[in-house]
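Observations on the three-dimensional arrangement
The chain contents come next:
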Amino acid sequence: FMKTLETEFGAATSLEDFDRKAQMIDYAAHRAIFEGFAAHLWQPNSARMIWMTQPAWPSMEWNFLGSDYDTQSSFYGTQKACEPVHAQLDLTDGSVDLINLNDARSLKVRVRVVALDGKTLSDQTNQVLAASNARTPVSKPDLEKLAGGHTVLVELQVSDAAGTPVSDNFYWWSQEQASLRELDNLAKATLTTSATVTNAGDERKATVKIKNSGSAPALLVKLTLNNAATGERILPAYYSENYVSLLPGEERTITVQFPASSATPSIGLRGWNLD
């Protein structure tokens, strides 16, 4: 784990920097475990087993929940990979596949390749008849040529026939592991946010809208529900998704469910390239 961290992102300079880099690795690694499963439905794969999902001691490896009850990026990377309709990038050859665990249906898959400075290198949309309970090939962008030896961002978006978003996926890709260190040179991202809270019996729900209002991509943005007065985390809290990545101009709505008896909440934000 430490060798991978130092190769891809450089040695950690502080505890905060270590956590930031470890979350990037955990998200990508756990997503890959389950996307690898989906790439070979249903033979020879029929299941995946993850060891030590809830360690009782501080750990950044092989865990979904931390010893302090925080939900790690690995959980959300797994959640992303296990979507019933899911576009994914095959890291072995750069091809894009569509996983459909529902009935056969026609879907659109948009594949965008973006440089770290925000310049679009490729943007293609394919109409795909997604087979039922199977993997359907979509396209194979020439990532090596597009990247030109650098790190690029790859965004996959799935929509139905009416154009309604179904799912999305986001990768940082480089032919060489060490080139991923270029991510540390990303400009700081600027987010615009708003939130509302509603009550329903013993439960409250915060609806948080996030928009990347700047010119730099925002990677692995994490929301944390806090006590507005003390700054301590409100537990339990269940997020519809977390550790999200947004290209400039993109928006995302995330819901957080938590007990009605909780204190007045605030939302904390952190991310790969957020102040």
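Residues numbered from 1 in each chain as written. Predicted model: local features only at pLDDT ≥ 70, side-chain atom pairs only at ≥ 80, totals over all residues. Heavy atoms only, no water.

Once that is clear, we can look at the overall build of the protein. The helix and strand inventory of the protein stands at 4 helices and 14 strands. For the protein, whose C-alpha radius of gyration is 19 Å, the value lies close to the compact-globule estimate of 19 Å for 275 residues. Taken along its principal axes, the extent of the C-alpha atoms in the protein is 50 × 45 × 40 Å. Sorting the 275 residues of the protein into buried and exposed places 47% on the buried side. As displayed, the protein offers around 13700 Å² of accessible surface, 51% of which is attributable to carbon and sulfur atoms. (Helix = DSSP H or I, 4+ residues; strand = E, 2+ residues; numbered from the N terminus. Rg over C-alpha atoms; globule rule 2.2 N^0.38 Å. Buried < 20%, exposed > 50% of the residue type's maximum accessible area, 1.4 Å probe, protein only. Areas by Shrake-Rupley, 256 points an atom, 1.4 Å probe, with all protein chains shown as cover.)

To continue, consider the pattern of salt bridges. Under the counting rule described, the total for this entry stands at 15 salt bridges. Asp 68 serves as the salt-bridge partner of Arg 233, at 3.8 Å between the closest nitrogen and oxygen. Placement of the pair is Arg 233 in the loop between β10 (218-227) and β11 (238-239) and Asp 68 in the loop between α2 (15-38) and α3 (73-81), with a sequence separation of 165 residues. Arg 135 serves as the salt-bridge partner of Asp 97, at 3.3 Å between the closest nitrogen and oxygen. Linking Asp 97 in strand β2 (residues 96-100) with Arg 135 in strand β5 (residues 134-139), this pair joins segments that are 38 residues apart in sequence. Look at Arg 135 and you get partly exposed, because its relative accessible area is 36%. Connected through shared salt-bridge partners, Lys 80, Glu 83, Asp 168, Glu 241 and Arg 252 make up one network. (Salt bridge = Lys/Arg side-chain N within 4 Å of Asp/Glu carboxyl O.)

Looking now at helix α1 (residues 2-9). At 3.6 residues per turn, the α-helix brings residues three or four places apart onto the same side. For α1, the set of buried residues is Leu 5, Glu 8 and Phe 9. The buried side chains of α1 occupy one side of the element, clustering within an arc of 80° when seen end-on. Buried-residue contacts for α1 involve α2 and β7 (165-173). A positive phi of about 90° marks Gly 10, the residue just after α1. (Arc of directions from axis to C-beta. Contact = heavy atoms within 4.5 Å.)

α3 packs onto α2 with a crossing angle of 30° between their chain directions and a minimal axis gap of 7 Å. With respect to α3, the axis of α2 lies roughly parallel. Where α2 crosses over α3, the two elements pack in a sense that is right-handed. Contact residues: α2 offers Gln 23, Asp 26, Tyr 27, His 30, Arg 31, Phe 34 and Glu 35, while α3 offers Ser 73, Ser 74, Tyr 76, Gly 77, Thr 78, Lys 80 and Ala 81. Counted by class, the contact of α2 with α3 contains 4 nonpolar, 6 polar and 4 charged residues. (Axes fitted to C-alpha atoms, helices over the stretch in contact; angles between N-to-C directions. Parallel < 35°, antiparallel > 145°, perpendicular 65-115°, else oblique. Left-handed = near helix turned anticlockwise from the far one by under 90°. Nonpolar A, V, L, I, M, F, W, Y, C, P; charged D, E, K, R; others polar.)

Strand order in the open sheet made by the 3 strands is β12-β10-β14, with antiparallel pairing throughout. Unpaired on one side and paired on the other, β12 (244-246) and β14 (265-270) mark the two borders of the sheet. On average, adjacent strands in this sheet sit at an angle of 40° to one another, irrespective of strand direction. As paired strands, β10 and β12 are joined by 2 bridges and run antiparallel to one another. Among the inter-strand pairings, Val 221 is bridged to a residue of β12, identified as Val 244. (Pairing = 2+ DSSP bridges.)

Moving on: the pairing of β10. Summarising burial for β10: 10 of the 10 residues are buried, a large majority. Direction of pairing for β10 relative to β14: antiparallel, over a ladder of 6 bridges. Considered in β14, the bridge of Leu 225 is made with Ile 267.

This brings us to the sheet that holds β11. Each strand in a sheet pairs with its neighbour through backbone hydrogen bonds, running either in the same direction (parallel) or in the opposite one (antiparallel). One open sheet holds the 4 strands; their spatial order is β8-β9-β13-β11, and the pairing between them is antiparallel. The open sheet terminates on both sides in strands that have one partner only, identified here as β8 (191-200) and β11. Note: strand β9 (residues 203-212) against strand β13 (residues 251-259), 9 bridges, orientation antiparallel. Bridge pairing in β13 links Lys 211 to Glu 251.

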